[in-house]
Amino acid sequence: MPESTERDILVIVAHPDMARSNVTRRLLQRLQADPIAERVNLRELYRLYPDYHIHVEAEQQALAAARLIVLLHPITWYSMPPLQKLWLDEVLRLGWAYGPGGTALHGKDLWLVTSTGGSAHSYSASGHNHHPLEDFLLPYKHSALTCGLHYLPPQVLHGAHVASEAQLDAHATLFLQRLAHHPEWCEIAAEPVMGDEEAIALDERPPLFSTLDGGDA
């Protein structure tokens, strides 16, 4: 881990019911006990804004100070939790995050860390969702591109409700490793350019940079 006490990692947590969380709560517990926490500005939206009245200036200040912006939440109805969506609508304003003069986020990294109730197979052409998860995540990717952010490959744990202790721990360990090794891993993990036949496939990369196997990644 780089020797730095600068809080250059912003982790934005949005779980509507943390007490019942199976994945997000585990990641937060591991994060808070890890040395990497010294580099992390942790903002739990449902704890900060139970009334849904978002302090836009405070959120923008946190974003401006970060090099890596992490969105940590479960996928709900093929999208993000409602308070996370409201945060996106109110904080990433025209003239600040995008549009004329909106360059505050240019060059920063955006990383989604999420979980689904469905299995990996359910997010496929033959599964009951009929599409890969990447299709449902296109709004994240294009929101990032609109704001000049580098969209990093998401870390996903499928089948969250039935995940074993070993799977939860592996998911949390990978999460902490990637935080600790930012920004070194980002270039390796970046999505290949369309048409680049020599790009390394995600499942062929070293373990630190790959998602979990067995339908729980």
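Quick caveat: nothing in here was measured; it's all calculated off a predicted structure. Residue indices follow the written sequence of each chain, beginning from 1 at its first position. In keeping with the predicted nature of the model, local features appear solely for residues at pLDDT of at least 70, side-chain atom pairs appear and are counted solely at 80 or more, and the whole-chain, interface and lining totals rest on all residues. Excluded from the side-chain calculation are hydrogens and water; included are all heavy atoms of the structure.

(A) Inspection of the side chain of Arg 26 at higher detail. Note on conventions: DSSP H or I runs of at least 4 residues are helices, E runs of at least 2 residues are strands, and numbering of each starts at the N terminus. Among the secondary structure elements, Arg 26 is positioned in helix H1 (residues 24-32). Note on definitions: a residue-residue contact is assigned when non-hydrogen atoms from the two residues lie within 4.5 Å. Non-local contacts of Arg 26, meaning those with residues more than four positions away in its chain, are made with Glu 165, Leu 168, Asp 169 and Ala 172.

(B) Fine view of the packing of aromatic side chains. Geometry of aromatic contacts follows a simple scheme: Phe, Tyr and Trp rings, the Trp one being its six-membered ring, pair when their centres are within 6.5 Å, and the pair is stacked under 30 degrees between planes, edge-to-face over 60, tilted otherwise. Here the structure, examined in full by the defined rule, presents five aromatic pairs. Following the ring pairs from residue to residue traces out a cluster consisting of Tyr 78, Tyr 123 and Phe 136.

(C) Spotlight on the packing of H1 against helix H7 (residues 165-180). Between the N-to-C directions of two axes lies an angle of 0 to 180 degrees, each axis being a line fitted to C-alpha atoms and, for a helix, fitted only over the stretch in contact. Direction vectors running N to C along H1 and H7 enclose 50 degrees, while the axes themselves pass 9 Å from each other. Our classification of the angle between H1 and H7 gives oblique. Considering how the two elements wind past one another, H1 and H7 form a crossing that is right-handed. On H7, the residues that touch Arg 26, Leu 27, Arg 30 and Leu 31 of H1 are Glu 165, Leu 168, Asp 169, His 171, Ala 172, Thr 173, Phe 175, Leu 176 and Leu 179. Should an angle lie under 35 degrees it is considered roughly parallel, over 145 roughly antiparallel, and from 65 to 115 roughly perpendicular; all remaining angles are considered oblique. Crossing chirality is assigned from the near helix's rotation relative to the far helix, an anticlockwise turn below a right angle marking it left-handed and a clockwise turn marking it right-handed.

(D) A look at the pairing of strand S3 (residues 68-72). For every residue, the accessible area (1.4 Å probe, protein chains only) is compared with the maximum for its type, and the residue is labelled buried under 20%, exposed over 50%, or partly exposed between those bounds. S3 sits mainly inside the fold: five of its five residues count as buried. Neither face of S3 is open: one carries Leu 68, Val 70 and Leu 72, the other Ile 69 and Leu 71, and all of them are buried. Summarising the sheet, strand S1 (residues 9-13) and S3 pair through five bridges and their orientation is parallel. Bridge pairing in S3 links Val 13 to Leu 72. A pair of strands is labelled paired if DSSP reports no fewer than 2 bridges between them. Across five bridges, the pairing between S3 and strand S4 (residues 109-115) is parallel. Among the inter-strand pairings, Leu 68 is bridged to a residue of S4, identified as Asp 109. For the handedness criterion, the strands are oriented away from the viewer, and a crossover whose path from the first strand over the helix to the second runs clockwise is classed as right-handed. In the classification by handedness, the crossover that spans S3, the intervening helix H4 (residues 82-91) and the parallel S4 is right-handed.

(E) Empty space enclosed by the protein, seen in detail. Space inside and on the surface of the protein is sampled on a 1 Å grid over the protein atoms alone, with a cavity defined as a set of points where a 1.4 Å probe fits but cannot get out and a pocket as an open set with protein on both sides within 12 Å along at least 5 of 7 lines; lining residues have an atom within 4 Å of a point. Grid points are joined across faces, edges and corners, and a volume is the space filled by probe spheres set on the points. Enumeration over the complete set of coordinates arrives at one cavity of 30 Å³ or more. Of the pockets and cavities examined, the largest cavity occupies roughly 120 Å³. Around the largest cavity sit 15 residues that line it, and Leu 71, Leu 88, Leu 92, Leu 110 and Leu 149 are the ones nearest its centre. Sorting elements by how many residues they give to the lining of the largest cavity places helix H6 (residues 138-146) first, with four residues. Following the grouping adopted for this structure description, the nonpolar residues are Ala, Val, Leu, Ile, Met, Phe, Trp, Tyr, Cys and Pro, the charged ones are Asp, Glu, Lys and Arg, and the polar ones are all others, Gly among them. By residue class, the composition of the lining of the largest cavity is 14 nonpolar, one polar and no charged.

(F) Highlighting the layout of surface pockets. Put simply, the second largest pocket is a space of about 260 Å³. Taken together, 16 residues make up the lining of the second largest pocket; nearest its centre are His 15, Arg 20, Asn 22, Pro 74 and His 161. The residue makeup of the lining of the second largest pocket, split by class, is five nonpolar, nine polar and two charged.

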